[in-house]
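# A look at the structure
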Amino acid sequence: MAGHRARRARHDLLPRDSRDHRERTGLVSTPMTDTSPDIRLVVLDMAGTTVADGGLVERAFAVAAAELGVQEGTAEHAEHLAYVRATMGESKISVFRHLFGDEERARGANAAFEKAYGELVDAGLIAPVPGAREAIEELLASGRAVVLTTGFARITQDAVLAALGWADLVPLTLCPADAGGRGRPFPDMVLEAFLRTKAAEDVRQVAVIGDTSYDVLSGVRAGAGLVAGVRTGAHGDAEFHAAGATRVLDSVADLPALLTGAR
């Protein structure tokens, strides 16, 4: 219609100083990419992501299963092992609850597993993923917070950290019990890291990195801005993409370069 002025977009009706305030406080969304340098919190898995354990989970599972009468070479053992592999990254007690049903048997299996895994750790059968410590130190030096997470119980997590000389590497490490008891694929540990560190203002400023589909799924469910699978552990590209990964890396050692835009 002649003489009719085009209507202004609603966001243009805000005074400029009001819009600036809303942007500063996060009330106006700003787009982020999966390579954003604005990542402020990095949540890293341990076994398979930052820690190379050479299949110790399966070895410890065999010990736990045998204590409950499930012997290697049987169809039942093969079925259980397939489930363990598919659910790598999940809280171990949750896995045993699924496999053995009642709580008493599940707790017995979990205790046997943790004991066996701890003994393997004490025997020196774990090592850092090449470049993992250096990547963590680089992330910390850049001003980002880094949290190490696991599906193991606290006693096993601490044993792994001690064996690697990582007890003081990062200020915060989390296991499922630290986040109310639910491990992956629930987002609880990621969100617990977000709340405890206060390093990020928005969950999109969080990166979640792991070697399993459950690591990826926990990051997706938490709303993390970057969720990456790494090819140094249990699962591969197909599982990562199916779970919703935004990136796949050869190793956690590649993460600092990704965050600085060098990749």
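As a starting point, this report considers the structure included with it. (Residues numbered from 1 in each chain as written. Predicted model: local features only at pLDDT ≥ 70, side-chain atom pairs only at ≥ 80, totals over all residues. Heavy atoms only, no water.)

### Brief notes about the nonpolar core
Grouped together as the largest cluster of nonpolar side chains are 53 residues, with contacts concentrated most on Val-42, Leu-44, Phe-113, Tyr-117, Trp-166 and Leu-255. The element that contributes the greatest number of residues to this core is helix H5 (residues 103-122), accounting for eight residues. Each residue touching Trp-166, except ones within four places of it in the same chain, is listed here: Thr-50, Val-51, Pro-128, Ala-132, Arg-133, Ile-136, Leu-148 and Leu-161. Core analysis: the next-biggest nonpolar cluster, separate from the first, contains 22 residues, Ala-145, Val-147, Val-208 and Phe-240 among them. (Core = buried A, V, L, I, M, F, W, Y, C linked by side-chain atoms within 4.5 Å. Buried < 20%, exposed > 50% of the residue type's maximum accessible area, 1.4 Å probe, protein only. Helix = DSSP H or I, 4+ residues; strand = E, 2+ residues; numbered from the N terminus. Contact = heavy atoms within 4.5 Å.)

### Remarks on the sheet that holds strand S1 (residues 41-45)
Spatially, six strands are ordered S5-S4-S1-S6-S7-S8 in an open sheet, and the strand pairing comes out parallel. Where the open sheet ends on each side, the last strands, each with one partner, are strand S5 (172-174) and strand S8 (247-249). Taken pair by pair, the neighbouring strands of this sheet meet at an average axis angle of 25°, ignoring direction. Inspection of the sheet shows strand S4 (residues 145-149) paired to S5 by three bridges, in the parallel sense. Bridge pairing in S5 places Thr-149 opposite Leu-174. Docked against the sheet, helix H6 (residues 132-141) engages S1 and S4, running at close to 145° with respect to S4. Relative to the sheet, helix H7 (residues 154-164) contacts S4 and S5, its axis offset from that of S5 by approximately 135°. (Pairing = 2+ DSSP bridges. Axes fitted to C-alpha atoms, helices over the stretch in contact; angles between N-to-C directions.)

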